[in-house]
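These are the residues of each chain, in order.
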Amino acid sequence: MTLRERVVWTLAANALAAAGAAAAAGDAPKAVGIVSHVKVLSDKVEDVSSLDAWRKSFIKDGMSDREKALAVWESVVRFQHQDAPPVEFLQLENAVLDAIKMFNVYGYSMCGNAASHVQSLARAAGLEARGWTIQAHVVPEVSWGGKWHLLDASLINYFPKPDGDLASVEEIAAAIKDWYEKNPGFKGDDAKLRKFHAENGWTGWKRGPALLANCPFYDATGWLPAKTHGWYSTMQEYDGSMLFAYECGYTVGYQVNVQLRSGERLTRNWGHKGLHVNQDGAGGAPGCLAMKPGEKFMVYTPRYGDLANGRVGNGTLEYEPPLTDGSLAAAALTCENLGFQGEGKTGPALFVKDAAKPATLVLRMPSSYVCLGGELTLMALVGAGGEVVVAFSDNNGLDWKEIGKFTASGDQKLDLKPHVYRRYDYRLKFTLKGAGTGLDALKIAHDIQHSQRPLPALDRGENTITFCAEPPEGTITIEGSTDPKNKGKQVLYTDFHPERKNIKDDLLVLSAATGEVTFPVETPGDITRLRVGIYYRARDPKDSWDIAASFDGGKTWQPIGRCEGPTRNHGKYFVLDQVPANTKSALVRYTGAQRTVAMIYQTRIDADYLEPHGGFRPVKVTYTWDEGGAEKRDVHVASKPTETYTIFCASKPTMKSLVVELAE
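The paragraphs below set out a description of the structure included in this document. Every value quoted in this text rests on a predicted model; they were computed, and no experiment measured them. (Residues numbered from 1 in each chain as written. Predicted model: local features only at pLDDT ≥ 70, side-chain atom pairs only at ≥ 80, totals over all residues. Heavy atoms only, no water.)

1. A few points about the overall build of the protein
This is how it is decided: Under the DSSP-based scheme used, a helix requires at least four consecutive residues in state H or I and a strand at least two consecutive residues in state E, with every element numbered from the N terminus. Atoms counted for the radius of gyration: C-alpha only. Globule rule: 2.2 Å times the number of residues to the power 0.38. Remark: exposure states derive from per-residue accessible area (1.4 Å probe, protein chains only) relative to the maximum for the residue type, with buried under 20%, exposed over 50%, and partly exposed in between. The contact criterion used is simple: two residues touch if any of their non-hydrogen atoms lie within 4.5 Å. Method for areas: the Shrake-Rupley scheme with a 1.4 Å probe, in which residue coverage is limited to the protein chains shown. Positive charges come from Lys and Arg, negative ones from Asp and Glu, while His and the chain ends are left out of the count. In this description, the location of a charge corresponds to atom NZ of lysine, CZ of arginine, CG of aspartate or CD of glutamate.
In terms of helices and strands, the protein carries eleven helices and 34 strands. Since a compact globule built from 664 residues should have a radius of gyration of about 26 Å, the 27 Å found for the protein is in line with a globular shape. Over its C-alpha atoms, taken along the principal directions, the protein stretches across nearly 90 × 70 × 50 Å. Across the 664 residues in the protein, those meeting the buried criterion constitute 56%. Put simply, 73% of the contacts in the protein that link residues at least 6 apart link residues at least 24 apart. For the protein, the exposed area adds up to about 26000 Å²; of that, 51% sits on carbon and sulfur atoms. Positive and negative side-chain charges in the protein, numbering 75 and 79 respectively, have mean positions lying 2 Å apart.

So this is what it looks like as structure tokens:
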């Protein structure tokens, strides 16, 4: 058991012991309002829901460094397809540079993203990694045995040498340079290279550099697995006209944490409605919207275990909280001065108790998958002179903006898309005023985007399904764009109210020899750990960033990590799991020092915490698929936090949907 797991289970055991003591003393046990980390796994698909899960799936005890590196490469090949990239306006260059987010939310991107993912995962596996910019391409290298080796997960290749070792970028470039010197007139001539490639029934390419001719990833006609690039393109990419080291930036920390409350349902589909994160025109539509595994440019994906119907998935996240009893209080962040019809009262299902003061309901809406749109519907009952006001926050409740105000009774509807597009977490605050004012119905619904690839697909025969719902944790995330031009498109880092000293107004750049930026963190429950991902610059050996946390309002500081120079840019990830008990707030400080240039391109802070009303309740898992044109369905109610069961498919299934919700 890792230190992280020991800490979580110690805290959870303490909470259970306290609940048992309360029960023994005759006190009512605390209601379970939220079930966290709801996960459904199939033995046919690897678990990549978090960095820890990825490690357990791909990095095995006893592996050599070479085997670890190849496992990193294959995991990126398996879960990311080369395509028009998703644009979130959040990380550097507006790209998605977190490998685990890419695997679960999108599953498609471009070479620079794939290179950053190989680098970050290689480092997570304890290996050295670096990146290169070459002609019209970005690639990563991983080191083992004292040597560098190209592992291109974007175009799906690497190049074995005669001794069995894998070639580096510079060795590939040298081999191609040598061939060009012996065959003048080809370098830089795309048409001539293509013609040579296709000569003699598409075998001409085999007369090129031996290193390429012996590459196992070209097919007999010289095309790489996705059929988008071939020998002729490799000859241009590594021709030396552009060749320099380049850190492919990333910040990590994303993980899938499906949380369920009464009335909440998550549906993930092996299909889509044509919706995707770039549908507003801020980036191209991915070609894989119209592709199936085994066809066109996805012809290679079944070889890497792809059982999905496509790559882009559209699902729904719906929440229709029960309003007639007090269970809502255990699922809400705030539930003040509100009465429930189930208490024997008459009037609205949820109503203002004391008409002399406002009533407040705050609901948090975290999603593991990016929101593409949303709708809020409610039935308001408004007393004389009363009102219902709806406010929205996408910076963890630090600021609120009014998005709806109702002074008359009736059905109401609010379009949430302008507020939630490209978001993963937000809060709604309902303020009710006046005698007789309340709500008789409330529903929040979203279209989401997820990748089909990591969904727990079924195959012909027996399928082993593992259900788990643990630990009882939530996460508050601080991540905002550092580019002021993205204001209005995405949250900025400044939206999280950091205190800055000698930091320029645009970007996180020092304006003096030293400076600092400090973010406040507030969580609904006791913090179990802080996780920090950072992509930074420290050009000089004396340039640096030191990251520390304070749990006593800044009186004392605990180191989290150091980001030292010299480096033009570099990515790191730190975890601090030594947090004082009963702590619900923290400060995270970045202290910079520079002799030349020190800056932070992007950073992400994740504060994991114990849900105050977290625990386990039975969860209903519904699989739907087709066999031979007939719809099949399996409904399983998990009565324990960890269960294993089987589903048998008599023939090859066509997957349709997976739904998880509490078994009411």
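2. Regarding the environment of Cys 563
Inspection of the secondary structure assignment puts Cys 563 in strand S27 (residues 558–564). For Cys 563, a relative accessible area of 0% puts it in the buried group. The residues touching Cys 563, leaving out its near neighbours within four places in the chain, are Ile 534, Tyr 536, Ser 544, Trp 545, Ile 547, Lys 572 and Phe 574.

3. A few points about the pattern of salt bridges
The criterion, for reference: The rule for a salt bridge is simple: a side-chain nitrogen of Lys or Arg has to be within 4 Å of a carboxyl oxygen of Asp or Glu.
Counted under the stated rule, the structure contains 41 salt bridges. In this structure, the salt-bridge partner of Asp 394 is Arg 423, at a minimum N-O distance of 3.2 Å. Of this pair, Asp 394 sits in the loop between strand S15 (387–393) and strand S16 (401–406) while Arg 423 sits in the loop between helix H11 (417–420) and strand S18 (427–433); the two residues are 29 residues apart in sequence, bridging distant segments of the chain. On the basis of relative accessibility, which here comes to 10%, the residue Arg 423 falls in the buried class. Here Asp 526 ties to Lys 584 by a salt bridge, and the two come within 2.9 Å at their closest N and O atoms. Taken together, the positions of Asp 526 in the loop between strand S24 (514–522) and strand S25 (527–538) and Lys 584 in the loop between strand S28 (567–576) and strand S29 (585–593) put the pair 58 residues apart, joining distant regions of the chain. Take Lys 584: its relative accessible area is 39%, and that puts it in the partly exposed class. Ionic contacts of the salt-bridge type, sharing partners, join the residues Glu 473, Glu 479, Arg 529, Arg 531, Arg 604, Asp 606 and Asp 608 into one network.

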